[in-house]
2 protein chains.
Amino acid sequence: MSTPTRQRIVEAGAELLRVKGYTGTGVKEIVAAAEAPFGSLYHHFPGGKEQLGEAVIRWSGAMYGQLGPLIFDAAPDVVTGVRMFFAGAAEHLEETGWTDACPIATVALEVASTSEPMRLATAEVFTSWIDGLAPRFAAAGLDDERARELAMAMICGLEGAFVLARAWRSQEPLHVAGEVVARALEEALGAAVA
Amino acid sequence: MSTPTRQRIVEAGAELLRVKGYTGTGVKEIVAAAEAPFGSLYHHFPGGKEQLGEAVIRWSGAMYGQLGPLIFDAAPDVVTGVRMFFAGAAEHLEETGWTDACPIATVALEVASTSEPMRLATAEVFTSWIDGLAPRFAAAGLDDERARELAMAMICGLEGAFVLARAWRSQEPLHVAGEVVARALEEALGAAVA
């Protein structure tokens, strides 16, 4: 197989944690899904499950963080980009049987009070997403502080809408939350121009 | 003790699930925290942990659902009510060492793809919260559909902000998301009046 063992373990872990959460996923299950020998887990992750969890969060966060630029680069403007992002997330969530939402939110809530290294990894991923989005909003005409706030509001709206969308098995929360963020961005850009 | 055993088990479960999640909490831990004999768990919940989880979701959801009316009744108007709700949630979250956010979101994400009875319980709780909020927004001047959408946007913003606030140990996401929802409500009410 061409993918190195460590990377296969991280990718299998990412897939399982996204659907079943951190505590709900066993390390044996992860190495089995990765088609890796059990010993390779502790060879690559001497810190065990927690270290693997941290690597999964960072890798998943970086992967998901690449989606934003792809969508915004294809959008005619940032407000349309916000609508496209939420619409794409809604469609993808339904297509994957309501499983494939945010790759790290479940784990972020599970570990927020129980694992400091994993909590810090989720915190850094959220920061990296906002740092990736904010300059686009700033380039469209907002000052840096307002751009950062609206990028944060977008991630908040997205994460919360994923919770309701998965519970209800409905795209609606993503469309509703996306529209509120898009309008907030539109209003801020209008105020910045005026 | 005056609180009946079943209720003590539900309340102890609610406390533990909120902080450690569903899969991260053992039933032994719950009955111990409830100071209940182990056998009483299966006496009151013949369906075991999943049935207890469902009861915890419904009870926690109903308790948390009482917060909205308390805050909005004390607010001079619904827009201020939204700001007060998010500010209160932010303050309470910090005061509880970043543990006491939404009582069901962690479980909702954990079980969305793994337990149909628990997923349905979380879905019903989210619906009940929105059904509790929307009539207030409608009474302030919105049509029913718009009132429901903004109530949904408020819950989405709140849930997503809780994820970031717990990860960062910062009140900021709650203030930022709350302000976006408050402004969206203000704008919708202005448009309804005009």
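For the structure itself, consult the block above.
Residues numbered from 1 in each chain as written. Chains lettered and ligands numbered in written order. Predicted model: local features only at pLDDT ≥ 70, side-chain atom pairs only at ≥ 80, totals over all residues.

**Q** I would appreciate a short explanation of the overall build of chain A in the present structure.
**A** Within chain A one finds 10 helices and 0 strands. From first element to last, N terminus to C terminus, chain A shows the α and β order α-α-α-α-α-α-α-α-α-α. The globule rule puts the C-alpha radius of gyration for 194 residues at 16 Å, and the 18 Å found for chain A is close to it. Considering chain A as a whole, with its 194 residues, one finds that 51% of them fall into the buried category. Contacts in chain A between residues at least 24 apart in sequence constitute 63% of all its contacts with a sequence separation of at least 6. (Helix = DSSP H or I, 4+ residues; strand = E, 2+ residues; numbered from the N terminus. Rg over C-alpha atoms; globule rule 2.2 N^0.38 Å. Buried ≥ 20, exposed ≤ 12 C-beta atoms within 10 Å, placed from the backbone. Contact = placed C-beta atoms within 7 Å.)

**Q** How should the interface of chain B and chain A be read in this particular structure?
**A** One widely used convention gives an interface's size as the accessible area the parts lose upon coming together. Taken together, the 41 residues of chain B in the interface contact 41 residues of chain A. Secondary-structure elements contributing two or more residues to the side of chain B that touches chain A are α1 (5–20), α7 (105–111), α8 (116–139), α9 (144–168) and α10 (172–193) of chain B. Of all the elements, α9(B) adds the most residues to the side of chain B that touches chain A, at 15 residues. For the side of chain B that touches chain A, the class distribution of residues is 24 nonpolar, 10 polar and 7 charged. (Nonpolar A, V, L, I, M, F, W, Y, C, P; charged D, E, K, R; others polar.)

**Q** Where do I start with the relation of the copies chain B and chain A in this structure?
**A** For these two chain copies, the linking operation is a rotation about an axis paired with a shift along it. In the superposition of chain B on chain A (RMSD 0.0 Å, axial shift 0.0 Å), the rotation amounts to 180°. With respect to symmetry, the two chain copies, as superposed, fit the operation of a two-fold axis. Scanning chain B for the C-alpha nearest the rotation axis identifies B:G160, at a separation of 1.9 Å. (Least-squares fit on C-alpha atoms with pLDDT ≥ 70 in both.)

**Q** Please clarify how the packing of helix α8 (residues 116–139) of chain A against helix α9 (residues 144–168) of chain A should be interpreted in this entry.
**A** How two helices pack is summed up by the angle between their axes together with the distance between the axes. All names here are of chain A. Packing of α8 against α9 leaves a shortest axis separation of 8 Å and a crossing angle of 125°. As judged from the angle between their axes, α8 and α9 are oblique. When you trace α8 past α9, the crossing you get is right-handed. Residues F126, W129, I130, L133, A134, F137 and A138 of α8 form the contact with α9, whose own contacting residues are D144, A147, R148, L150, A151, M152, M154 and I155. (Axes fitted to C-alpha atoms, helices over the stretch in contact; angles between N-to-C directions. Parallel < 35°, antiparallel > 145°, perpendicular 65-115°, else oblique. Left-handed = near helix turned anticlockwise from the far one by under 90°.)

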